[in-house]
Amino acid sequence: MSHQTITLYSDADFFSPYVMSVFVSLTEKALPFTLSPIDLSAGENMKAEFSQISVTRRVPTLVINDFQLSESSAISEYLEDRFSSPEYARIYPQDRQERAKAREIQAWLRSDFMPIRTERPTEVVFAGLKFPPLSDSGQQSANKLISGLERMLADGRKYLFSEWCIADTDLALMLNRLALNGDALPEYLRKYASYQWQRPSVQQWRILSQN
């Protein structure tokens with residue numbers, strides 16, 4: 001691959017689960033990149049300069065040379081396609097059906113569980129904050145998540161599939177919204193999320209979020 005310049009536009013607090021997902025993907029593939037924080041609370045993402053970079057005006061946005069792409073799962077899939085030679089680690093399962101299931105899980109986590117995301121923001125995960133007990137809708141959302149994962153993880157496995165993939169990191173983040181707040185969670189899910197959280201690429205993101 002010829003020389004390329006890679007920039008990842010991030011939230012300034014490094015609390016975004018979606019930026020984290022792309023950060024982990026880049027780190028796992030050992031791709032050198034520059035982080036460019038955007039102050040969302042100050043509306044920097046809505047300024048004209050950023051609109052030239054991101055159609056959605058959201059983070060994460062990835063720029064490789066003159067190619068620009070937003071939305072975390074689209075970025076990770078693109079990275080897997082573009083940097084697919086054996087020198088780069090895989091971030092999705094090699095098996096086609098497992099790869100499809102990983103994408104299913106990613107889409108599920110991004111399109112569902114709004115009560116959990118609202119009542120257990122990432123300040124729980126990255127800033128150690130605690131929030132009141134879940135509302136009825138929050139608990140229903142948690143129950144739906146737990147029920148959906150039982151068939152996949154109840155046997156105590158460390159990964160969703162035969163080896164790690166980026167969907168494991170995304171899922172662990174959602175589970176840790178609950179686990180780190182002290183909410184009820186089956187022990188196998190608590191252990192799964194804790195194990196994923198020890199991954200070196202995740203630890204690198206955690207260092208950023210705590211500075």
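Engineer: Just checking my understanding: could you explain the overall build of the chain for this structure?
Structural biologist: Within the chain, the regular secondary structure consists of 10 helices and 4 strands. Secondary structure of the chain in N-to-C order comes out as β-α-β-α-β-β-α-α-α-α-α-α-α-α. Taking 17 Å as the expected radius of gyration for a compact globule of 211 residues, we find that the chain reaches 17 Å, a close match to that expectation. Seen through its C-alpha atoms, the chain measures out along the principal axes to roughly 45 × 40 × 25 Å. The buried share of the chain, taken over its 211 residues, is 47%. At a minimum sequence separation of 6, the contacts of the chain that also span at least 24 residues come to 66%.

Engineer: How should the packing of helix 7 (residues 136-153) against helix 8 (residues 166-179) be read in this particular structure?
Structural biologist: Working note: a packed helix pair is described by the angle between its axes plus the distance between those axes. Running from N to C, helix 7 and helix 8 cross one another at 130°; their axes reach a closest spacing of 12 Å. Taken as axis vectors, helix 7 and helix 8 run oblique relative to one another. Of the two elements, helix 7 crosses helix 8, and the hand of that crossing is left-handed. Counted together, A142, L145, L149 and L153 of helix 7 and L171, M174, L175 and L178 of helix 8 form the full contact between these two elements. Residues of the contact of helix 7 with helix 8, tallied by class, amount to 8 nonpolar, no polar and no charged.

Engineer: Mind showing me how you'd approach helix 1 (residues 17-28) here?
Structural biologist: Taking 1.5 Å of rise per residue, 12 residues should cover 16 Å, and helix 1 covers 16 Å from first to last C-alpha, within 8% of that figure. Counting buried residues along helix 1, 10 of its 12 residues qualify, which places the element largely inside the surrounding structure. Of all the positions in helix 1, only P17, V19, M20, S21, V22, F23, V24, S25, L26 and E28 are classed as buried. Capping the start of helix 1 is the job of one residue whose side-chain oxygen sits 3.2 Å from the backbone nitrogen of Y18: S16. Within two residues after helix 1, A30 carries a phi angle of roughly 55°, on the positive side.

Engineer: Whenever I open this one, the nonpolar core confuses me. Can you help?
Structural biologist: In terms of nonpolar packing, the biggest core is built from 60 residues, with L145, L171 and L175 touching the most fellow members. Among the elements that line this core, the one with the most residues is helix 8, at 9 residues. The contacts of L145, once residues within four sequence positions are left out, are W108, L109, F113, I116, L171, M174, L175 and L178.

Engineer: So what exactly am I meant to see when it comes to the pairing of strand 1 (residues 6-11) here?
Structural biologist: Residues in a regular strand project their side chains so that they alternate between the two faces of the sheet. For strand 1, the buried fraction is high: 6 of the 6 residues fall into the buried class. Here strand 1 runs beside strand 3 (residues 61-64); their pairing, made up of 4 bridges, is antiparallel. Note on strand 3: the bridge partner recorded for T7 is V63. Where strand 1 and strand 2 (residues 34-38) come together, 5 bridges link them in parallel fashion. Of the residues in strand 2, the one forming a bridge with S10 is P37.

Engineer: For this particular structure, what's the right way to read empty space enclosed by the protein?
Structural biologist: Regions of empty space are outlined by a rolling probe, equal in size to a water molecule, passed over the atoms. Per the counting criterion, the structure on display carries 1 cavity of 30 Å³ or more. In this structure, the largest cavity spans a volume of roughly 100 Å³. In terms of lining residues, the largest cavity is bounded by P17, Y18, S21, L109, R110, R117, D170, L173, M174 and R177. Elements with a contribution of two residues or more to the lining of the largest cavity: helix 1, helix 4 (96-111) and helix 8. Among the elements that make up the lining of the largest cavity, the one with the highest residue count is helix 8 (4 residues). Looking at the lining of the largest cavity residue by residue, the classes come out as 5 nonpolar, 1 polar and 4 charged.

Rules of the game
- Residues numbered from 1 in each chain as written.
- Predicted model: local features only at pLDDT ≥ 70, side-chain atom pairs only at ≥ 80, totals over all residues.
- Heavy atoms only, no water.
- Helix = DSSP H or I, 4+ residues; strand = E, 2+ residues; numbered from the N terminus.
- Rg over C-alpha atoms; globule rule 2.2 N^0.38 Å.
- Buried < 20%, exposed > 50% of the residue type's maximum accessible area, 1.4 Å probe, protein only.
- Contact = heavy atoms within 4.5 Å.
- Axes fitted to C-alpha atoms, helices over the stretch in contact; angles between N-to-C directions.
- Parallel < 35°, antiparallel > 145°, perpendicular 65-115°, else oblique.
- Left-handed = near helix turned anticlockwise from the far one by under 90°.
- Nonpolar A, V, L, I, M, F, W, Y, C, P; charged D, E, K, R; others polar.
- Expected span 1.5 Å × (residues − 1).
- Polar contact = N/O pair within 3.5 Å; in protein donor to acceptor, adjacent residues only side chain to side chain.
- Core = buried A, V, L, I, M, F, W, Y, C linked by side-chain atoms within 4.5 Å.
- Pairing = 2+ DSSP bridges.
- 1 Å grid on protein atoms, 1.4 Å probe; cavity = no way out; pocket = protein on both sides within 12 Å on 5 of 7 lines; lining within 4 Å.
- Points joined across faces, edges and corners; volume = space filled by probe spheres on them.

Take it as geometry only, folks, not as evidence of what the structure does.
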